[in-house]
Amino acid sequence: MVTLAEVAQHAGVSASTVSYVLSGKRSISTTTRQRVEQSIRELGYHPNAGARALAGKRSNIIALMIPLRTDMYVPVMMEIAIAVATTARTHGYDVLLLTGEEGPDAVRRVTGSGLADAMILMDVELEDERLPLLRRTGQPSVLIGLPADTDGLTCVDLDWTATGALCVEHLAGLGHRDIAVIGEAPAVYERHTGFAERTLDGLRTRARETGVRVLHRPCDGGYDAMAVTLARILDERPATTGFVVQNESAVEPLLALLRQQGRAVPEDVSVVAICPDQVAVQASVRLTSVAVPAQEMGRYAVEHLVAKLDGRGGDDLVLIAPELTVRASSGPAPAAS
């Protein structure tokens, strides 16, 4: 990597002169400036992010805050991250990935260092503790997620409320009157994570409107946890004929347990999943599902952020309409015995 000292030696000037040319903080003669700029081009010198920040110029870096928790489905998170990175690159930006659970400290570290021009926040909670500081700093930012209060924020997300409602509408239209919702891990609801809370709200609201009974049970995922959860559901609501699953790691265990109990899908019970299409089509029964548009979410977030950086965008709320794809796992409710 070419250093500032090497540029100075090549141009025949002091290192401080090169620094002044880069920062514009001191008047430099036209001849000297041109000589330094020519050396920079010939040597392929790139000022580091810290130097650009001190100069008041852009670093061309976007910070992506994506806490990787064990209770979240990491493949979806990483698909969004890849979409952010590839879209950012087309606009001339690189991405700084922050995966720790640092909360406001991560926001403070990025804004205080000047390493990034803007931020994208993921895993947004309804009362996210990062947001007060984010609002105070005024640094351009976009949330992939929806907090309770979106005032002064730009947010991009799937319309999770409409997603929950769509799942109920589909099953209710098939005659199912008792529906069980197998949700994310309990910790996701304890944090009041936006997507999970809003999905549940949409499910319950539409269930009341359609006269459908809904029972929600969080699940850690995996076979053993799913076995306990399913046993609880069928003990509390033995007439359950419809399942909505918002937990990718619970999908295959649920299908296996239903087979073991002699409950055929979709003849005896119907299953609708909220998951990536890849999970739905590769399941042992091809699942009727609402897809998680991870690539669109990542792409839209970057596009709105770049617009803000260029002075073209304001505070927007972008909700992606859900789409339900009918496959082999849902069918008419069985006739009452």
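As named in an unreviewed UniProt entry, the protein is LacI family transcriptional regulator, taken from Streptomyces incarnatus.

Novice: When you look at the state of the cysteines in this model, what are you seeing that I'm missing?
Specialist: In protein chemistry, a disulfide is the covalent bond that joins the sulfur atoms of two cysteines. Scanning all chains against the criterion turns up zero disulfides. With no disulfide of its own, Cys219 has Cys275 as its nearest cysteine by sulfur position, at a separation of 15 Å.

Novice: Sorry if this is basic, but what is going on with the nonpolar core here?
Specialist: Nonpolar side chains tend to gather and get buried jointly when the protein is soluble and globular. In terms of nonpolar packing, the biggest core is built from 48 residues, with Ile80, Ile120, Ile144 and Val244 touching the most fellow members. Per-element tally for this core: the top contributor is helix α14 (residues 294–309), with seven residues. Not counting residues within four places of it along the chain, the set of residues in contact with Ile144 comprises Ile80, Val84, Ile120, Leu121, Met122, Asp123, Val124, Val156, Met297, Gly298 and Ala301. Among the nonpolar cores identified, the runner-up in size contains 26 residues, and Leu230, Phe243, Ala280 and Val285 belong to it.

Novice: What is the right way to look at the packing of helix α11 (residues 223–236) against helix α12 (residues 248–260) in this model?
Specialist: For any two helices packed against each other, one specifies the inter-axial angle together with the distance between the axes. Where α11 meets α12, the axes come as close as 9 Å, and the angle between the chain directions of the two elements is 55 degrees. Classified by the angle between their axes, α11 and α12 sit oblique to one another. The hand of the α11/α12 crossing is right-handed. Along its contact with α11, which presents Tyr223, Met226, Ala227 and Leu230, the element α12 presents Ala250, Pro253, Leu254, Leu257, Leu258 and Gln260.

Novice: Is there a simple way to explain empty space enclosed by the protein in this structure?
Specialist: If a probe the size of a water molecule is rolled over the atoms, the empty space left behind becomes visible. A complete count under the given rule lists one cavity of 30 Å³ or more for this structure. By volume, the largest cavity is sized at about 290 Å³. Taken together, 22 residues form the lining of the largest cavity, with Met72, Val76, Met77, Trp160 and Phe195 sitting closest to its centre. For the lining of the largest cavity, the elements supplying multiple residues, two or more each, are α5 (74–90) and α10 (194–210). Counting residues per element, the lining of the largest cavity draws most heavily on α5, at three residues.

Novice: Explain the layout of surface pockets to me, please; I cannot follow it from the model alone.
Specialist: Space inside the largest pocket adds up to approximately 320 Å³. Lining of the largest pocket is provided by 16 residues; of these, Asp277, Ala291, Val292, Pro293 and Glu296 occupy positions nearest its centre. The leading source of residues in the lining of the largest pocket is α14, at four residues. Taken together, the residues of the lining of the largest pocket break down into ten nonpolar, two polar and four charged.

Novice: Got a minute to help me understand the environment of Val272 in this structure?
Specialist: Tracing the sequence through the fold places Val272 in strand β9 (residues 270–274). Along the primary structure Val272 and Val245 are separated by 27 residues, whereas in three dimensions their C-alpha atoms are 6.3 Å apart. If near-sequence neighbours (up to four positions away) are discounted, Val272 is found in contact with Cys167, His170, Leu171, Phe243, Val244, Val245, Thr288 and Leu324.

Rules behind the numbers
Residues numbered from 1 in each chain as written. Predicted model: local features only at pLDDT ≥ 70, side-chain atom pairs only at ≥ 80, totals over all residues. Heavy atoms only, no water. Disulfide = S-S within 2.5 Å. Core = buried A, V, L, I, M, F, W, Y, C linked by side-chain atoms within 4.5 Å. Buried < 20%, exposed > 50% of the residue type's maximum accessible area, 1.4 Å probe, protein only. Helix = DSSP H or I, 4+ residues; strand = E, 2+ residues; numbered from the N terminus. Contact = heavy atoms within 4.5 Å. Axes fitted to C-alpha atoms, helices over the stretch in contact; angles between N-to-C directions. Parallel < 35°, antiparallel > 145°, perpendicular 65-115°, else oblique. Left-handed = near helix turned anticlockwise from the far one by under 90°. 1 Å grid on protein atoms, 1.4 Å probe; cavity = no way out; pocket = protein on both sides within 12 Å on 5 of 7 lines; lining within 4 Å. Points joined across faces, edges and corners; volume = space filled by probe spheres on them. Nonpolar A, V, L, I, M, F, W, Y, C, P; charged D, E, K, R; others polar.

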